[in-house]
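# Fold and contact review
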Amino acid sequence: MEHLTSGTCESQAKHRLVLKTGVAVLAAAGLLSSASVWAQAAAEKAEPTDTATDTATVVVTGVKASLIKSLAIKRTSDQVVESVVAEDIGKLPDNNVVEALQRVTGVQVTNRAGGEVGTLSIRGLPDVQTTWNGRNIFTASGTQVALQDIPSTLVRQIDVYKTRDASQLDTGIAGQVDVKSLRPFDFKGAKVSLSARETYLDPAKKANPQLSAMFSNRWETGVGEVGALVNLSASETKYRNESVTPGAMVPFTSPNAAEVPPGYTPLQRIFDNNIWTPGTHTGLPMAAGSTLDFNGKAYPYYLARDAVFQSDVQGKRERPAANLALQWKPNSDSVYTFESMYNGYRDKSFNQLLFSFVDWWGDLGSNPAGSITTYPGTNVIKSRKVNNVYGFNSGDYTTSATDSYVYALNGKWNLGDRLKLEGDLSYQTSTYHSEFTATRIDRVAPSINVDFNAGGGNTAFHFNNDADLTDPTKWNVAQFYDNANRNKGSAATANLSGVYDADWGALETIHFGVRFDDRKASEANRTQSGTLNRNLASLGPEYSSTNSNFGTAISDVPRSWVEPNAYYIRDHIDDWRKLFNSADQNFLTTDKLSLQKTFGVEEKTSNLFLMGNTQNELFGHRLRGNFGARYVKVDTDMTFYKVDATTKAVTPTSASKSTSKVLPSMTLIYDPSKDVVLRFNYGETLRRPNFGDLNPVLQLGDDVSKVGYGSGSGGNPDLKPTHSKNLDLTAEWYFQKDSALYGTAFKRKIDGLVVGLRHRVHVDPANDPFRNSTSGGDHTNGYDYVINSPVNASNGTISGAELGLIYFPKGLPSLLDGLGFQGSYTRLTSSQNVPDANDAGVIVSQLETPFFGVSNSSYNATLAYEKGPISTRLSYVWRSGFLASNEAALFANPIGIWRHPEKSVDMQVSYKINDNMSVDISGVNLTNEMQQQYYHFGSAGNAQLTNFGTLQIGRSVSVGLRWKM
């Protein structure tokens with residue numbers, strides 16, 4: 001939330017005079033453009049007099065105006081902040097909030113799929129505090145909002161806070177992203193804006209509409225001035241994601257019969273984990289001639305992938321959104337704002353999955369060695385032919401929906417000539433519901449030829465007859481998976497803050513506040529599976545669906561295959577469940593299904609803060625500062641629900657915990673000259689555990705790879721908040737009008753990071769969903785599972801430097817006049833200790849690894865051009881490779897999954913037809929880059945030997961028309 005400046009009347013007038021005089025001096029010196037005067041309006045806007053932003057004389061428009069305004073915010077803020085400002089009413093240069101932030105210094109985005117970016121991090125950390133007009137917002141039972149759900153047409157400004165003072169929220173060790181929406185008092189009078197955009201996505205080859213409308217007005221009445229604003233948005237996206245992936249590595253015996261251990265055959269897969277240990281950090285050695293011990297004797301082994309698979313996801317995403325704001329200013333000393341926001345999300349996706357094992361060793365003929373090739377100098381198999389291979393296709397259909405509502409009432413009051421108060425009440429609810437159904441069809445193919453890296457890290461393969469892939473008569477309907485879940489969240493929040501114009505010598509103002517938040521979250525799910533064993537063709541043609549033109553930009557793979565028609569199955573789901581119930585009476589029909597609650601959490605948070613602003617002189621120049629502390633107390637009550645796998649009886653268990661923390665902050669701002677600003681910030685922030693991580697109920701997975709134990713996960717109700725101490729030192733040089741060079745050095749020292757810790761548990765057969773009497777398995781002795789649970793067992797540091805430049809040269813030739821540049825470079829170094837435990841859960845060593853998702857280097861460069869009615873932008877965004885995640889500890893490859901460097905070339909051209917109408921054309925990922933991964937840990941693994949997968953994300957081109965009055 002915006003915090004208020006100093007008092008009213010004489011003191012207020014004094015501060016306004018100082019601000020206006022200072023801006024006038026800087027403007028006369030040529031250091032601030034007319035757009036920079038916008039900062040004055042922005043500063044005064046926080047006062048209840050609420051001067052309309054339209055009174056600022058902004059003489060430039062388009063991309064240049066947006067960049068100049070962001071500079072003004074940066075210069076006048078106490079914190080290290082980067083801003084993206086709408087060029088005009090409801091007009092950010094991208095389709096959603098995450099897309100708009102990808103060119104911000106220190107921000108990295110990744111996981112582009114379905115025509116949009118899905119993940120945002122600040123200085124390498126994903127734990128971002130998300131707020132709307134200063135209020136914490138979230139999606140369902142999560143702790144953050146899905147920022148990509150907020151359309152850019154509802155936004156007037158986005159602020160990225162890399163540091164925080166005591167007056168701001170305590171969570172989000174990465175930083176805070178505050179999304180500001182429009183209000184009626186932002187304008188002098190009536191405003192109307194309409195926009196329509198059509199986006200063409202490749203490889204979906206579909207056109208997608210986006211519509212928005214904004215209506216605003218303000219009136220003088222007998223009870224004061226009132227205003228009303230309505231902002232509406234709706235978008236539809238039809239997308240396609242294509243990926244080809246080789247499976248994980250596993251060991252095989254030698255293809256040479258003379259080198260095969262007793263009891264084995266050539267190229268037989270080695271399942272026995274008494275001979276080799278799955279899931280080690282570096283995997284098994286890959287040098288030619290490497291051996292394993294079989295009963296005291298060494299035999300050579302080979303490494304190859306266990307499978308190949310490709311995914312063709314086609315879906316449709318819809319996002320309706322609305323924002324309503326009502327304002328009332330009864331007098332010059334008070335203003336009231338009621339606002340509400342709705343964000344909706346609808347997604348239907350059909351994943352047509354082709355999966356084939358390539359690990360079968362039978363029927364290799366008389367020359368097994370002739371069926372493989374290896375990478376030179378290694379025991380890693382590059383290509384092979386496999387006969388009689390089992391495979392399945394799976395028609396996976398997922399529907400998901402989110403509905404989030406926020407209601408808020410805010411009041412600002414001047415009490416006398418020294419005290420300002422601001423009160424804020426808000427309530428929000430958010431629900432996420434999804435259903436997943438997947439039908440597998442299987443067969444044994446005569447043969448498959450596969451090259452795990454046919455060039456560029458891309459896997460290629462073909463069957464003996466690819467035409468069989470599209471023939472329903474060749475496929476048997478096997479398993480059907482039927483799952484659903486519902487996540488809910490709500491919060492009621494009360495906040496009261498104030499500013500007292502103390503004017504006690506060096507101490508100018510005192511900021512204080514109290515905040516109470518009551519947050520609730522719950523999750524519920526259901527899951528079941530059954531097997532039919534019917535020929536696909538026997539069910540009728542309506543149950544089959546065949547894709548086409550798959551992966552033409554990826555590699556040489558099958559372009560088409562048949563799947564169960566997930567659309568038809570979902571439309572006739574009652575009949576489909578009855579069909580599987582006829583084959584297995586334990587499979588429930590629709591009338592017997594219900595969601596089972598897994599946990600419910602209520603978290604009550606109390607906050608108090610006190611902060612003082614000071615001003616002094618050092619060596620004849622101004623030295624400002626703020627010093628404060630925030631007290632945070634969190635009380636959490638949890639209830640978890642365990643379901644017996646056999647009796648289905650539900651057993652609730654409860655737990656409670658309470659934590660408290662005092663978080664100090666300090667900011668020093670020094671102006672050694674009229675065009676240089678230096679800042680030093682120290683602050684402490686928290687990351688609270690995800691609610692799902694608190695749930696100790698085990699979620700088990702079967703031993704599908706036949707390694708001798710299953711896998712699973714379970715939460716930890718004793719998790720504590722992660723604590724970060726943050727240091728920032730910045731320098732900003734406003735070397736000419738509308739231009740600046742700025743840099744930051746920073747460090748985050750983070751204690752109590754949550755990491756997964758493995759331990760082996762023996763599950764009682766009554767609670768084993770895979771081996772109890774109901775499932776038909778062996779239920780006499782139980783079974784072992786390796787469980788991954790979160791613990792506060794890691795500490796880490798992340799440090800780095802940023803350098804940014806916004807430059808609009810002066811005195812260019814007429815044709816080039818209006819050319820500008822925005823660019824930034826970020827260098828990061830991260831390290832954390834990760835405990836390594838044996839199967840018994842005993843920590844045997846500490847590993848030093850980088851943080852997930854941290855690129856050591858990233859940069860972006862944007863050329864902007866403004867000339868008459870034309871506004872253009874050409875951007876290049878790049879980030880170096882990074883550790884994305886760790887593989888499940890079940891295989892013989894290096895455990896780390898690394899992402900290749902990622903880049904994107906984007907452009908936008910706008911043409912102002914007249915004062916009321918404009919048209920723009922934009923493109924994203926114009927060079928059609930792909931997203932690729934590979935296995936790597938330490939010195940083991942590289943993009944050639946241990947390539948992992950390729951995702952074709954495609955490009956998009958948009959055309960938009962906007963009208964305003």
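Above this text you will find the structure in question.
Described below are features of the structure shown in this document. A quick note: this is a predicted structure, and the numbers were derived from the prediction, not measured. (Residues numbered from 1 in each chain as written. Predicted model: local features only at pLDDT ≥ 70, side-chain atom pairs only at ≥ 80, totals over all residues. Heavy atoms only, no water.)

Time to look at the sheet that holds strand S4 (residues 128–132). Sheet architecture is open: 5 strands sit in the order S1-S6-S7-S4-S5, paired in mixed fashion. Every interior strand has two partners, whereas the edge strands, strand S1 (81–85) and strand S5 (135–136), have only one. Two strands pair when backbone bridges link them, and strand S6 (residues 155–161) and strand S7 (residues 175–181) are joined in this way by 6 bridges, in the antiparallel orientation. Within S7, the residue paired with Tyr 161 across the bridge is Gln 176. (Pairing = 2+ DSSP bridges. Helix = DSSP H or I, 4+ residues; strand = E, 2+ residues; numbered from the N terminus.)

Our focus in this paragraph is the pattern of salt bridges. Evaluated as defined, the whole model comprises 41 salt bridges. For Lys 162, the salt bridge is made with Glu 802, and the minimal N-O distance between the two is 3.0 Å. In this pair, Lys 162 sits in the loop between S6 and S7 while Glu 802 sits in strand S32 (residues 783–807), placing the two residues 640 residues apart along the sequence. Among the residues examined, Lys 162 registers a relative accessible area of 3% and is labelled buried. By relative accessible area, which is 5% here, Glu 802 ends up buried. Where Lys 749 meets Asp 751, a salt bridge forms, and the shortest distance between an N and an O atom there is 3.5 Å. Overlapping salt bridges bring together Lys 74, Glu 82, Arg 123, Lys 162, Asp 728, Arg 748 and Glu 802 as one network. (Salt bridge = Lys/Arg side-chain N within 4 Å of Asp/Glu carboxyl O. Buried < 20%, exposed > 50% of the residue type's maximum accessible area, 1.4 Å probe, protein only.)

In this section: the environment of Pro 672. Structurally, Pro 672 can be placed in strand S26 (residues 650–673). Looking at Pro 672, the relative accessible area reads 28%, which means it is partly exposed. In this structure, Pro 672 is in contact with His 621 and Leu 678, ignoring residues within four places of it in sequence. (Contact = heavy atoms within 4.5 Å.)

What follows is about empty space enclosed by the protein. What the rule picks out here adds up to 15 cavities of 30 Å³ or more. What the largest cavity holds in volume is close to 440 Å³. If you trace the largest cavity, you find 34 residues lining it, with Asn 95, Asn 96, Gly 115, Thr 199 and Gln 210 closest to the centre. Counting only elements with at least two residues in the lining of the largest cavity, the list comes to strand S8 (191–201), strand S9 (206–221), strand S10 (224–246), strand S14 (307–331), strand S39 (902–912), strand S40 (917–924) and strand S43 (956–964). Within the lining of the largest cavity, the residues separate by chemical class into 9 nonpolar, 14 polar and 11 charged. (1 Å grid on protein atoms, 1.4 Å probe; cavity = no way out; pocket = protein on both sides within 12 Å on 5 of 7 lines; lining within 4 Å. Points joined across faces, edges and corners; volume = space filled by probe spheres on them. Nonpolar A, V, L, I, M, F, W, Y, C, P; charged D, E, K, R; others polar.)

Side chains Gly 710 and Gly 712 project from strand S29 (residues 710–713) onto a buried face, and the interleaved Ser 711 and Ser 713 project onto a face without burial. With 3 bridges connecting them, strand S28 (residues 699–701) and S29 associate as antiparallel partners. Each bridged residue has a counterpart across the sheet, and for Gln 699 the counterpart in S29 is Ser 713. Here S29 runs beside S32; their pairing, made up of 4 bridges, is parallel. Residue Ser 711 lies in a different strand from S32, and its bridge partner there is Val 786.

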